[in-house]
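Tertiary structure, described
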Amino acid sequence: YAGALGRQLWFFTNAPATEENNQMRLTWGLSHWGELAGVYPPARQALITLRDQDATHFLDGSGTAELYLEIANLNRVLDDRAATVDLFKQVTKQDSNLAASCYYIAEDALILAGEYNLCLQNIGNPYARYQSFVQNVQAQRAMEQHHEKMQAHFPPDSPLATPLPNFAKMATNDFVHQVRKLVEILVATGHQDTAEKI
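**Re the packing of helix 3 (residues 41-62) against helix 5 (residues 81-94)**
- Where helix 3 meets helix 5, the closest approach of the two axes is 11 Å, and the angle between their N-to-C directions is 15°. Between helix 3 and helix 5, the interaxial angle falls into the category roughly parallel. You can see that helix 3 and helix 5 cross each other, and the crossing is right-handed. Along its contact with helix 3, which presents Arg 51, Ala 55, Phe 58 and Leu 59, the element helix 5 presents Ala 83, Leu 87, Gln 90, Val 91 and Gln 94.
- Each residue belonging to the contact of helix 3 with helix 5 can be placed in one class, and the counts come to 6 nonpolar, 2 polar and 1 charged.

**What to know about the side chain of Asn 122**
- Following the sequence through the fold, Asn 122 ends up in helix 7 (residues 116-123).
- Side-chain polar atoms of Asn 122 contact the backbone oxygen of Leu 118, separated by 2.8 Å.
- The contact partners of Asn 122, leaving out residues within four places of it in the chain, are Phe 88, Ala 99, Ala 100 and Tyr 103.

**Some remarks on the packing of aromatic side chains**
- Enumeration over the complete set of coordinates arrives at 7 aromatic pairs.
- For the pair Phe 11 and Trp 28, a centre-to-centre distance of 5.8 Å together with 20° between the ring planes defines the contact as stacked. Taken together, the residues span a long stretch of sequence, with Phe 11 in helix 1 (residues 2-14) and Trp 28 in helix 2 (residues 19-39) at a distance of 17 residues.
- The partly exposed category is assigned to Trp 28, whose relative accessible area is 45%.
- The rings of Phe 58, Tyr 68, Phe 88 and Tyr 103 are connected pair by pair, giving a single aromatic cluster.
- The positively charged end of Arg 25 is found above the aromatic ring belonging to Phe 12, 4.1 Å away from the centroid.

**Re the side chain of Thr 84**
- When you line up the elements, Thr 84 lands in helix 5.
- Residues contacting Thr 84, with those up to four places away along its chain left out, are Tyr 68, Ala 72, Asn 75 and Ala 109.

**A word on the pattern of salt bridges**
- Counted under the stated rule, the structure contains 9 salt bridges.
- Note that Lys 181 is salt-bridged to Glu 107, the shortest N-O span being 3.0 Å. Separated by 74 residues along the polypeptide, Lys 181 in helix 9 (residues 167-188) and Glu 107 in helix 6 (residues 96-112) bring together distant segments of the chain.
- For Lys 181, a relative accessible area of 4% gives the class buried.
- One salt-bridge network, in which partners are shared between bridges, spans Glu 107, Asp 108, Arg 129 and Lys 181.

**A look at the nonpolar core**
- Counting residues in hydrophobic clusters, the biggest one holds 36 residues, and the most contacted among them are Phe 58, Tyr 68, Phe 88 and Leu 110.
- Secondary structure elements with two or more residues in this core: helix 3, helix 4 (65-77), helix 5, helix 6, helix 7, helix 8 (126-151) and helix 9.
- Once residues within four sequence positions are removed from consideration, Phe 58 is found in contact with Gly 63, Thr 64, Leu 67, Tyr 68, Ile 71, Leu 87, Val 91, Leu 98 and Cys 102.
- Counting 15 residues, the second-largest nonpolar core is a separate cluster that includes Leu 5, Leu 30, Ala 46 and Val 77.

**Quick notes on the environment of Thr 64**
- Examined against the element boundaries, Thr 64 turns out to sit in the loop between helix 3 and helix 4.
- Taking relative accessible area as the criterion, Thr 64 reaches 34% and is therefore assigned partly exposed.
- Put simply, Thr 64 and Ser 101 are 37 residues apart on the chain and 8.1 Å apart in space, counted from C-alpha to C-alpha.
- When sequence neighbours within four positions are dropped, the list of residues in contact with Thr 64 reads Phe 58, Leu 98 and Cys 102.

**A few points about helix 4**
- Here helix 4 spans 19 Å end to end across 13 residues, near enough to the 18 Å set by a 1.5 Å rise per residue.
- Among the 13 residues that make up helix 4, 10 are buried, leaving the element largely enclosed by the rest of the structure.
- Within the span of helix 4, buried status applies to Ala 65, Leu 67, Tyr 68, Glu 70, Ile 71, Ala 72, Asn 73, Leu 74, Asn 75 and Val 77.
- One or two steps after helix 4, the chain reaches Asp 79, where phi turns positive at roughly 55°.

What counts, and at which threshold
- All chains use their own residue numbering, which begins from 1 and follows the written sequence.
- Reporting of local features is limited, given that this is a predicted model, to residues whose pLDDT is at least 70; pairs of side-chain atoms are given and counted only at 80 or more, and all residues count toward the totals for whole chains, interfaces and linings.
- No hydrogens and no water enter the side-chain calculation; it runs on all heavy atoms of the structure.
- Only C-alpha atoms enter the line fits that serve as axes; for helices the fit covers just the stretch in contact. Angles between N-to-C directions range over 0 to 180 degrees.
- Labels follow the DSSP assignment, with helices taken as runs of H or I lasting at least four residues and strands as runs of E lasting at least two, numbered in each case from the N terminus.
- To sort the angles, those under 35 degrees are grouped as roughly parallel, those over 145 as roughly antiparallel, those from 65 to 115 as roughly perpendicular, and the leftovers as oblique.
- In this scheme, a crossing is called left-handed if the near helix is turned counterclockwise away from the far one by less than a right angle; it is called right-handed if the turn is clockwise.
- Contacts are assigned to residue pairs that have any heavy atoms within 4.5 Å of one another.
- Polar here means any residue other than Ala, Val, Leu, Ile, Met, Phe, Trp, Tyr, Cys and Pro, which are nonpolar, and Asp, Glu, Lys and Arg, which are charged; Gly is therefore polar.
- Here a polar contact means two N or O atoms within 3.5 Å. Within protein one must be a hydrogen donor candidate and the other an acceptor candidate, and residues neighboring in sequence count only if both atoms are side-chain atoms.
- Pairing of aromatic rings covers Phe, Tyr and Trp, the last through its six-membered ring, and needs centres within 6.5 Å; plane angles under 30 degrees mean stacked, over 60 mean edge-to-face, and all others mean tilted.
- Throughout, exposure labels follow a simple rule: accessible area from a 1.4 Å probe, protein chains only, divided by the maximum for the residue type, with under 20% read as buried, over 50% as exposed, and the rest as partly exposed.
- Cation placement over rings: the criterion is NZ of Lys or CZ of Arg within 6 Å of the ring centroid and within 35° of the ring normal.
- By definition, a salt bridge exists where a carboxyl oxygen of Asp or Glu is found within 4 Å of a side-chain nitrogen of Lys or Arg.
- Take the buried Ala, Val, Leu, Ile, Met, Phe, Trp, Tyr and Cys residues and link them wherever side-chain atoms come within 4.5 Å; each set so joined is a nonpolar core.
- Each residue after the first adds 1.5 Å to the expected span of a helix.

What is shown is where atoms sit, not what they do.
Structure follows, in structure tokens:
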């Protein structure tokens, strides 16, 4: 277990700074670390220590959305989403621009905590937000259609003709999820008419 923790710490702090490695660090890397923490208390303490160091650094004027994402993922593995909400509240008081850039990361935790007014403060114009969801799903569907047209030019046994996951369905599911959250925030903050129009 001690050796496994050493490798987790090394990977998390020393993996080359590429987007792919960062995604691996914050997804399966942390999930494996969380499994280790479930059977080896020093691994859990190491997660807490890292999270607390990151939170201190985030609030000392060096905060970025990328660092907030790391902290939120550490809190997810620690099953401490309340800490994600508390940190967002602190940064909202200190730096509203930084809070705005971190909002999309905090939104789910804020909704679960019932912090609907704080959500409303950060979503901006609800109609504009809804339109951004519409534009995003339309763009993803157009990409899917383009890909299907391109595949039709290759023989059926070509590796290039291999069907990809149903991105259109994934985009639709994400659209529904985002709109549902927006409507929930609006209803919970007394904006029923706007929610119904959306």
